[in-house]
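Next come the chains, spelled out residue by residue.
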There are 2 protein chains.
Amino acid sequence: MAALQGSEPVGFFEIKPEIRTQLVEQFKCLEQQSESRLQLLQDLQEFFRRKAEIELEYSRSLEKLAERFSSKIRSSREHQFKKDQYLLSPVNCWYLVLHQTRRESRDHATLNDIFMNNVIVRLSQISEDVIRLFKKSKEIGLQMHEELLKVTNELYTVMKTYHMYHAESISAESKLKEAEKQEEKQFNKSGDLSMNLLRHEDRPQRRSSVKKIEKMKEKASEGPGGGIMLPASAVLEVSVMVEAGLAIPLLTLVRPQRQAKYSENKLKCTKARNDYLLNLAATNAAISKYYIHDVSDLIDCCDLGFHASLARTFRTYLSAEYNLETSRHEGLDVIENAVDNLDSRSDKHTVMDMCNQVFCPPLKFEFQPHMGDEVCQVSAQQPVQTELLMRYHQLQSRLATLKIENEEVRKTLDATMQTLQDMLTVEDFDVSDAFQHSRSTESVKSAASETYMSKINIAKRRANQQETEMFYFTKFKEYVNGSNLITKLQAKHDLLKQTLGEGESGGRGRQGGLSSPLGCVVVP
Amino acid sequence: MAALQGSEPVGFFEIKPEIRTQLVEQFKCLEQQSESRLQLLQDLQEFFRRKAEIELEYSRSLEKLAERFSSKIRSSREHQFKKDQYLLSPVNCWYLVLHQTRRESRDHATLNDIFMNNVIVRLSQISEDVIRLFKKSKEIGLQMHEELLKVTNELYTVMKTYHMYHAESISAESKLKEAEKQEEKQFNKSGDLSMNLLRHEDRPQRRSSVKKIEKMKEKASEGPGGGIMLPASAVLEVSVMVEAGLAIPLLTLVRPQRQAKYSENKLKCTKARNDYLLNLAATNAAISKYYIHDVSDLIDCCDLGFHASLARTFRTYLSAEYNLETSRHEGLDVIENAVDNLDSRSDKHTVMDMCNQVFCPPLKFEFQPHMGDEVCQVSAQQPVQTELLMRYHQLQSRLATLKIENEEVRKTLDATMQTLQDMLTVEDFDVSDAFQHSRSTESVKSAASETYMSKINIAKRRANQQETEMFYFTKFKEYVNGSNLITKLQAKHDLLKQTLGEGESGGRGRQGGLSSPLGCVVVP
């Protein structure tokens, strides 16, 4: 019991204003949270409104760009014979790039539409929700606070009741004690022993009472600064009681009456104390429930659907952006496919087909016999036979030499072409480095400063390429000249071989087959 | 032989201008092809220059947009205590959206850089290449054409030689025949039989000669319109020869001389014909080679590297666009992850931690004993015991009823919350339909006209949601009131139970444990 009194309990009146402050601050906190959210939602709305504008500008610029070239193509198609130009693989790529531009334009317009008519609408609805939910939550919060106030007020009331009854109980006790002292004085004459025993029993209690009162006085003198709200009247009452207790009572012989009064007050005090204790338990439980559950529930009420609705808004934005990307990707794949199909050989054939009257080989030169000349073949009879045979052998050896020489030229030509091809197909188009950089927070690195596209490298590579090209053309001319000569000599050689072979085997007989090497059609 | 003469060979002079026209047209075709390419390259350069501008504008707009909000955030951070705001999941999403905007801005600036300093540079180089290659190819082509001209001129020369020698050969033959006739006349006196034999042999040849000449006359009369360029002098010569053949020779006795002349001319004619035939074969082979191989090679020279260089240019463009896309995608994934992590519970705890002095539960109310009252527990001695016991039982049955009632309210509350949650988490954010449409060539379909975001649907859904929300709050109030009452009664009930239990078991003894339900700390 002494230990309990020795502890320094936090007083009821000390906690109450603290709780009040907390409750007020809690509302402020919720309000601030809602205001932050409204600000965030307003920022997001502004952001998406402006982003939508930017997307629309971008879309319009792309549309204009595509249209500029598309209309040019349309007009050139009408005026010229270029109808089949799109069949050529580079033109096809170009048309697909324009197509992709229009597609991007449409997709960014769609982005604008989704931002304006979906994302922003959602955000403004969430703003409404935040305001409405904060209002409703505050309403509920106020109700909770009223409940807490009611509970603590009740506690205050029952505590006051207990204090009052306890004070009355003390008063009744001291009056009873006084009456007993009077009786004792009268009884003292009958026996000192009993009186001594009584005093012995009474002393420690009185001493402790003195101690307690002094303590209470000390506390009272600390004033309102100490947070003790013990009313001055109470202190006064105690002082009166103390003086009364020390003074010698004048009235005696009222003991039975005072005994009844004391018992009655003691019961009242016990009941009040019990009530106070029960209310204390209920109040602490209510406050504890509020801080542990209700505040959290209150915040949940404020939050109701906020995160879910915001998530759906962000997901709408993400869905739009992802879909834009998918659409872009599809378009780029189409272009990539067309680039894979860039084919000079097929284009060459297309062009030659388009102008086939220009590239179609002419009819062969026919033998023009002179005035009834019935001989239309090489004559290998004597006396020309020997000469022809000599010529044939000369041609044969000349051709062999020429073919070896030209084969050497061809090999050089092929090797040069391979070198050129390697230069022309070098894989120098990967620009991912430029974006790798932009992925970090560093400043954009110029793509022109990259290895392949630096000015020095470009100049070097081009000089190298053109040198190889020059060499290729020189060798090509050489090869064409050589092969032209070979072709002519080979034709003569073959004709002589045929003639001489015939002469050797069947003399100047009929020619076999339907078509002579001169192109004369022999009808049987 | 008769069949061969019956066919109508295309004349040498008929083909020659045709070939010339073709060769000229072939150059025109190559030139047109190169011009088309230069036009294409110029269009592409213009396109990418303008696209680069558009990308830069877009980049700058995005940069400005992001900066506007970023600077706002920076200033609000300085002025307010919102330092930890970014810990909240919606704010985190917002910051990531801004981050993504800056990233897009940087990436589009990179696109501009690549278009300007790489793609356009490549295109202008390809233009130079096309011009240079066309010039070089034309040079080679001219050489090829000269070669063809040379070959056909040679053919013309050898043909003329053959015609000349053949004419001379005919003339010598006819003179020889005349001399033979003179001889015959003189010989006729010696024997008629031999003369008859000779005439018999001579007649069919002469008749066929007449036929042939008539044919040639017919052809000549067709004039230049028929494309026959047989010179008039040749026709004349033939006529003279014919007349000479029919007339009776005046001179005789020159036969041996004429025989030698005839043999000499016949050999010359044979050699000339052989030369003509060999040259004819060579010429046809050369022309055939040109049309079948050289023209194609010439086009290849013009094309040299064009497709490969253009492909690399397009691939640079594609690489840039694909990398932009990858970067975008990465950024969107980061946002999506943040949206997945939008978490009201964690945010609630963050807020409560940030303002923990506001949400921290206060110390419990302590029992305030009155003036030396040493009793600090519920007293359950007689005469209050019976009353307390009655009160305890009343509390017990009241609590049972209340709990059942409140449990019903809680069930309704939970069901309502589930309905609300379903409304709040409906997956209405997929906007791929809007892009599906843009993938076709149809006009952009407004996202607002889609099922979820139509005005009627929005209004309906919101009305429904708010109705449910209202009901939820009504039930929530009911539940909070019920649970508040239960909490208080339960606290009283528990204290009474403990007190009475103690009273029953160990009377008014010491309390067990360290902490009483009232919060009095019992120090042993």
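Computed from a predicted model, the values in this text were never measured in an experiment. (Residues numbered from 1 in each chain as written. Chains lettered and ligands numbered in written order. Predicted model: local features only at pLDDT ≥ 70, side-chain atom pairs only at ≥ 80, totals over all residues. Heavy atoms only, no water.)

Visitor: Quick question: what am I supposed to make of the interface of chain A and chain B here?
Guide: In many analyses, interface size is given as the accessible surface area lost on bringing the parts together. Counting residues at the interface gives 228 residues for chain A and 228 residues for chain B. Contact between chain A and chain B buries roughly 21,100 Å² in total, counting both sides, with carbon and sulfur atoms accounting for 65%. At the surface where chain A touches chain B, the tally comes to 34 salt bridges. Residue Asp373 of chain A pairs with Arg273 of chain B through a salt bridge whose shortest N-O separation is 2.9 Å. The interface formed by chain A and chain B includes 81 residue pairs in polar contact (both at pLDDT 80 or more). (Contact = heavy atoms within 4.5 Å. Buried area = accessible area lost by both parts, 1.4 Å probe. Salt bridge = Lys/Arg side-chain N within 4 Å of Asp/Glu carboxyl O. Polar contact = N/O pair within 3.5 Å; in protein donor to acceptor, adjacent residues only side chain to side chain.)

Visitor: How should empty space enclosed by the protein be read in this particular structure?
Guide: Picture a little ball the size of a water molecule; that probe, rolled over the atoms, points out where space is still empty. Residue and element names in this part refer to chain A. Using the criterion set out here, one finds 14 cavities of 30 Å³ or more in the structure. Reported here for the largest cavity is a volume of approximately 110 Å³. Together, 16 residues line the largest cavity, and Asp129, Leu133, Leu304, Gly305 and Phe306 are the ones closest to its centre. Considering each element in turn, the lining of the largest cavity owes the most residues, five residues, to helix H3 (residues 89-188). (1 Å grid on protein atoms, 1.4 Å probe; cavity = no way out; pocket = protein on both sides within 12 Å on 5 of 7 lines; lining within 4 Å. Points joined across faces, edges and corners; volume = space filled by probe spheres on them. Helix = DSSP H or I, 4+ residues; strand = E, 2+ residues; numbered from the N terminus.)

Visitor: What exactly am I supposed to notice about helix H10 (residues 384-424) of chain B here?
Guide: Given 3.6 residues per helical turn, the α-helix brings residues three or four places apart onto the same face. A rise of 1.5 Å per residue sets the reference length of H10 of chain B, with its 41 residues, at 60 Å; its end C-alpha atoms lie 56 Å apart and thus fit the reference within 8%. Along H10 of chain B, the positions that sit buried rather than exposed are Val384, Leu388, Tyr392, Leu395, Leu399, Leu402, Asn406, Val409, Leu413, Thr416, Leu420 and Leu424 of chain B. (Expected span 1.5 Å × (residues − 1). Buried < 20%, exposed > 50% of the residue type's maximum accessible area, 1.4 Å probe, protein only.)

Visitor: Would you explain the relation of the copies chain A and chain B in this entry?
Guide: Turning one copy of the chain about an axis and sliding it along that axis gives the other copy, so a rotation and a shift relate them. Screw-axis analysis of chain A against chain B gives a translation of 0.1 Å along the axis, an RMSD of 0.3 Å, and a rotation angle of 180°. In the structure described here, the two chain copies are related by an operation that fits a two-fold rotation axis. Mapped onto chain B, 100% of the interface residues of chain A are again interface residues, and the two copies thus contact each other with one and the same surface. (Least-squares fit on C-alpha atoms with pLDDT ≥ 70 in both.)

Visitor: How should I be thinking about the packing of aromatic side chains in this particular structure?
Guide: Aromatic rings considered in pairs are described by the distance between their centres and by the relative angle of their planes. Applying the stated criterion across every chain, the model contains 27 aromatic pairs over all chains. Here Phe47 of chain A and Phe48 of chain A contribute two aromatic rings whose centre-to-centre distance is 5.2 Å and whose plane-to-plane angle is 85°, an arrangement assigned as edge-to-face. A single burial state applies to Phe47 of chain A and to Phe48 of chain A, both of which are buried. Seen in terms of ring centroids, Tyr162 of chain A and Phe367 of chain B are 5.7 Å apart; in terms of plane orientation they differ by 35°. Their pairing is tilted. You can see Tyr162 of chain A sitting in helix H3 and its partner Phe367 of chain B sitting in the loop between helix H9 (356-359) and H10, one on each of two chains. An aromatic cluster of three or more residues is present, and its members are Phe47, Phe48, Phe115 and Tyr317 of chain A together with Phe69 and Trp94 of chain B. The aromatic ring of Phe306 of chain A is capped on one face by Arg37 of chain A, whose charged end is 4.2 Å from the ring centroid. The ring of Phe27 of chain B carries Lys138 of chain B above its face, with NZ or CZ at 5.8 Å from the centroid. (Phe/Tyr/Trp six-rings, centres within 6.5 Å; stacked < 30°, edge-to-face > 60°. Lys NZ or Arg CZ within 6 Å of the ring centre and 35° of its normal.)

Visitor: Sorry if this is basic, but what is going on with the packing of helix H10 (residues 384-424) of chain A against helix H6 (residues 255-303) of chain B here?
Guide: For any two helices packed against each other, the geometry is given by the interaxial angle and the distance between the axes. It is the contact of H10 of chain A with H6 of chain B, at a shortest axis distance of 11 Å, that shows an interaxial angle of 30°. As far as their axial angle goes, H6 of chain B and H10 of chain A are roughly parallel. Viewed along their axes, H10 of chain A and H6 of chain B form a crossing whose handedness is right-handed. Counting all contacts with H10 of chain A, which are made through Val384, Glu387, Leu388 and Arg391 of chain A, the residues of H6 of chain B involved are Leu267, Thr270, Lys271, Asn274, Asp275 and Leu278 of chain B. Residue composition of the contact of H10 of chain A with H6 of chain B, grouped by class: four nonpolar, two polar and four charged. (Axes fitted to C-alpha atoms, helices over the stretch in contact; angles between N-to-C directions. Parallel < 35°, antiparallel > 145°, perpendicular 65-115°, else oblique. Left-handed = near helix turned anticlockwise from the far one by under 90°. Nonpolar A, V, L, I, M, F, W, Y, C, P; charged D, E, K, R; others polar.)

Visitor: Looking at this structure, how should I read the confidence of the model for chain A?
Guide: If pLDDT is low for a region, its predicted coordinates should not be looked at in detail. Residue and element names in this part refer to chain A. Looking at chain A as a whole, the pLDDT averages 80, with 75% of positions reaching at least 70. The least confident element of chain A is helix H1 (residues 2-6), whose mean pLDDT is 34; the most confident is helix H7 (residues 306-340), at 96. The model gives residues 200-207 a pLDDT under 50, and that stretch makes five contacts with residues more than four places away or in other chains. For residues 505-524, every residue scores under 50 in pLDDT, and the model assigns this stretch 25 contacts once sequence neighbours within four places are set aside. (pLDDT = per-residue confidence, 0-100.)

Visitor: Honestly, the environment of Phe435 of chain A in this entry has me stumped. Any pointers?
Guide: Of note, Phe435 of chain A is situated in helix H11 (residues 432-439). Setting aside residues up to four positions removed in sequence, Phe435 of chain A forms contacts with Asp107, Thr110, Leu111, Ile114, Ala320, Asn323 and Leu324 of chain B.

Visitor: Please explain the nonpolar core as it appears in this structure.
Guide: It is characteristic of soluble globular proteins that their nonpolar side chains tend to be buried jointly. Phe48 and Tyr317 of chain A together with Phe48, Trp94 and Tyr317 of chain B are the most contacted members of the largest nonpolar core, which has 147 residues in total. The element that contributes the greatest number of residues to this core is H3 of chain A, accounting for 23 residues. The contacts of Trp94 of chain B, once residues within four sequence positions are left out, are Leu40, Asp43, Leu44, Phe47 and Phe314 of chain A together with Phe69 and Ile73 of chain B. Of all hydrophobic cores here, the second largest spans 61 residues; its members include Leu399 and Ile486 of chain A together with Met144 and Val295 of chain B. (Core = buried A, V, L, I, M, F, W, Y, C linked by side-chain atoms within 4.5 Å.)

Visitor: Sorry, what's going on with the pattern of salt bridges here?
Guide: Oppositely charged side chains can form a pair if their charged atoms are brought close together. Counted by the stated rule, this structure contains 70 salt bridges over all chains. Where Lys348 of chain B meets Asp300 of chain A, a salt bridge forms, and the shortest distance between an N and an O atom there is 2.8 Å. Of the two residues, Lys348 of chain B sits in helix H8 (residues 344-354) while Asp300 of chain A sits in helix H6 (residues 255-303), which places them in two different chains. Assessed through its relative accessible area of 7%, Lys348 of chain B is described here as buried. Given the relative accessible area of 33%, Asp300 of chain A is considered partly exposed.

Visitor: It is not clear to me how the UniProt feature "coiled-coil region" (unreviewed entry) in chain A should be interpreted in this structure. Could you clarify?
Guide: Under the UniProt annotation, the feature "coiled-coil region" (unreviewed entry) is placed at residues 392-419 of chain A. Taken end to end, residues 392-419 of chain A comprises 100% helix and 0% strand; its first and last C-alpha atoms sit 40 Å apart. (UniProt positions renumbered as here; feature names shortened; annotations may be inferred.)

Visitor: What exactly am I supposed to notice about the environment of Met417 of chain B here?
Guide: Looking at the secondary structure, you find Met417 of chain B in helix H10. In this structure, the C-alpha to C-alpha distance between Met417 of chain B and Tyr472 of chain B, residues 55 residues apart in sequence, is 6.9 Å.

Visitor: How should the side chain of Thr499 of chain B be read in this particular structure?
Guide: Residue and element names in this part refer to chain B. Within the element layout of this structure, Thr499 appears in helix H12 (residues 455-506). On the basis of relative accessibility, which here comes to 10%, the residue Thr499 falls in the buried class. Beyond its immediate chain neighbours, meaning those up to four positions away, Thr499 contacts Val378 and Ala380.

Visitor: Any chance you could explain the packing of H7 of chain A against helix H7 (residues 306-340) of chain B here in plain terms?
Guide: In contact at an axis separation of 10 Å, H7 of chain A and H7 of chain B are set at 160° when each is read in the N-to-C sense. On the basis of the axis angle, H7 of chain A is roughly antiparallel to H7 of chain B. Judged by the sense of rotation from one axis to the other, the crossing of H7 of chain A with H7 of chain B is left-handed. The residue inventory of the contact of H7 of chain A with H7 of chain B, partitioned by class, reads 18 nonpolar, two polar and 14 charged.

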